[in-house]
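What follows is the residue order along each chain.
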Amino acid sequence: MIEIELKFSLEAPVSTTQIEALDWSPYALGPRSTLDQRDTFFDSRELALSRSRHAVRLREGGATPLVTLKGPGLVRDGVHQREELELATLSRAPQGWPEAIQERIARLIGAEALQPIFTVENHRRVWPLLRDGVVLGEIALDQGRIIAGDRQQPLHELEIELKGGTPDDLVTIRGLVERALPARPEDRSKFARGLALLRPDLVATAHESADAPPDTVIPARFLRPPRRHSLPRGAPRRGVTPR
């Protein structure tokens, strides 16, 4: 499946009370749930999976552990899009993961063994996002830390994952969040930040392209509307070519 989400870095503390006090019209929030998640990212010793622009994550803290293989991503202005395969697993060890995950990894890196490379500890508050009683997406307020060896980095961010609706819904939600909260679009995934902590010598965008080409598959209307007053009349506009 293709995952599409909008990420914001929060530049000041944001509480669940603030999220629930916002006027989300024409949307509404469903009941809040809370999870303490631990994500462990795996790769070979030589980071062969990362170099193929893929990532694999074991997530614990929910009803059942989940293993997710994420493909190459496109990101611009905080909108992230990538293919992912997510399946439940009974094993923490890669050798016990579902065959569909193991087979795809083997096609990418052959017989190279996987090992944990860094973890993300995250206290996540989640709300379904509804319109007229229909779930359009999910809002997640995250606070925690990324741990790579002896290096750590705090995280405090807001994610809006699209599970239905239209590009216009994401544009509306973006405007609401940016007007009401100390939020800045975040082009770096948790994986990209963890990899940068682990190997500062690697390019931070090895896994995802923050400078997507003009023919990117991210629909133009997912992106921030252009500031028309900032360009002179007749000046060419840069960005994604609408389809």
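Residues numbered from 1 in each chain as written. Predicted model: local features only at pLDDT ≥ 70, side-chain atom pairs only at ≥ 80, totals over all residues. Heavy atoms only, no water.

### Description of the confidence of the model for the chain
The predicted coordinates ought not to be read in detail in places where the model reports low pLDDT. Which entries qualify depends on this criterion: Every residue gets a pLDDT, meaning the predictor's confidence in that residue, from 0 to 100. When checking whether two residues touch, look at their non-hydrogen atoms; a contact exists if any pair is within 4.5 Å.
Averaged over every residue, the pLDDT of the chain is 85; the share at 70 or more is 83%. In this model, residues 204-243 is a region of pLDDT below 50 whose contacts with residues beyond four sequence positions or in other chains number 79 contacts.

### Here we look at helix α3 (residues 99-109)
Three or four residues apart is the spacing at which side chains of an α-helix point the same way, because the helix has 3.6 residues per turn. Selection rule: Each residue gets one of three labels from its accessible area relative to the maximum for its type: buried under 20%, exposed over 50%, partly exposed in between, using a 1.4 Å probe on protein chains only. Numbering of helices and strands runs from the N terminus, with a helix taken as a DSSP run of H or I at least four residues long and a strand as a DSSP run of E at least two residues long. This arc corresponds to the set of directions leading from the helix axis out to the C-beta atoms.
Among the residues making up α3, those that are buried are Ile101, Ile105 and Ile109. The arc that holds the buried residues of α3, viewed along the axis, is 40°, so those residues lie on one side. Those residues of α3 that are exposed and angled more than 90 degrees off the buried face are Glu99 and Arg107. For α3, the secondary structure elements touched by its buried residues are α2 (48-51), β4 (55-60), β5 (66-76) and β6 (79-88). Directly beyond the C-terminal end of α3, a positive phi value near 70° is found at Gly110.

### Let's talk about the pairing of strand β8 (residues 134-148)
The following threshold applies: Only when DSSP finds a minimum of two bridges between them are two strands counted as paired.
Sheet topology places strand β7 (residues 115-131) next to β8; 13 bridges connect them, and they run antiparallel. Among the inter-strand pairings, Asn122 is bridged to a residue of β8, identified as Gly144. Connecting β7 to the next strand, β8, in antiparallel fashion are two residues, including Asp132 with a positive phi near 55°. When β8 meets strand β9 (residues 151-162), the two strands line up antiparallel, connected through twelve bridges. Following the sheet pairing, Glu138 is matched in β9 by Glu161. Hairpin geometry of β8 and β9 is characterised by an intervening segment of two residues between the two adjacent antiparallel strands and by a positive phi of about 65° at Gly149.

### Description of the nonpolar core
For clarity, the threshold we go by: Grouping buried Ala, Val, Leu, Ile, Met, Phe, Trp, Tyr and Cys residues that are joined through side-chain atoms within 4.5 Å yields what is termed a nonpolar core.
By size, the foremost hydrophobic cluster in this structure holds 23 residues, and its most contacted members are Ile19, Trp24, Leu158, Ile160, Val177 and Leu181. Broken down by secondary-structure element, the contributors of at least two residues to this core are β1 (2-10), β7, β8, β9 and α4 (167-180). Counting 13 residues, the second-largest nonpolar core is a separate cluster that includes Leu49, Val56, Leu58 and Leu114.

### Some thoughts on the pairing of β4
Among the six residues of β4, six are classified as buried, and the element is accordingly described as predominantly covered. The side-chain alternation of β4 yields two buried faces, one formed by Ala55, Arg57 and Arg59 and the other by Val56, Leu58 and Glu60. As defined by bridge partners, β4 adjoins β5 across five bridges and the pair is classed as antiparallel. Residue pairing across strands places Val56 opposite Leu69, the latter belonging to β5. Between the end of β4 and the start of β5, which pair antiparallel, lie five residues, with Gly61 showing a positive phi angle near 130°.

### Points about the side chain of Glu186
If you trace the backbone, Glu186 turns up in the loop between β10 (183-185) and α5 (190-198). Setting aside residues up to four positions removed in sequence, Glu186 forms contacts with Lys7, Phe8, Ser9, Gly78, His80 and Arg193.

### What to know about the packing of aromatic side chains
The cut-off we apply is this: Between rings of Phe, Tyr and Trp, where Trp is taken as its six-membered ring, a pair exists when centres lie within 6.5 Å; planes separated by under 30 degrees are stacked, by over 60 edge-to-face, and by other angles tilted.
Here the structure, examined in full by the defined rule, presents four aromatic pairs. Seen in terms of ring centroids, Phe41 and Phe118 are 4.9 Å apart; in terms of plane orientation they differ by 25°. Their pairing is stacked. One end of the pair, Phe41, is in strand β3 (residues 33-43); the other, Phe118, is in strand β7, and 77 residues separate them in sequence. For Phe118, a relative accessible area of 3% corresponds to the buried category. Aromatic pair Phe42 and Trp97: ring centres 5.1 Å apart, planes at 85°, arrangement edge-to-face. Taken as a pair, Phe42 in strand β3 and Trp97 in the loop between β6 and α3 lie far apart in primary sequence, 55 residues in all. Classification of Phe42 as buried rests on a relative accessible area of 5%.

### Thoughts on α4
What counts, and what does not: To estimate how far a helix should reach, multiply one less than its number of residues by 1.5 Å.
Compared with an ideal rise of 1.5 Å per residue, which puts 14 residues at 20 Å, α4 spans 20 Å between its outermost C-alpha atoms and is within 8% of the ideal. For α4, the full list of buried residues reads Pro167, Asp169, Leu170, Ile173, Arg174, Gly175, Leu176 and Val177.

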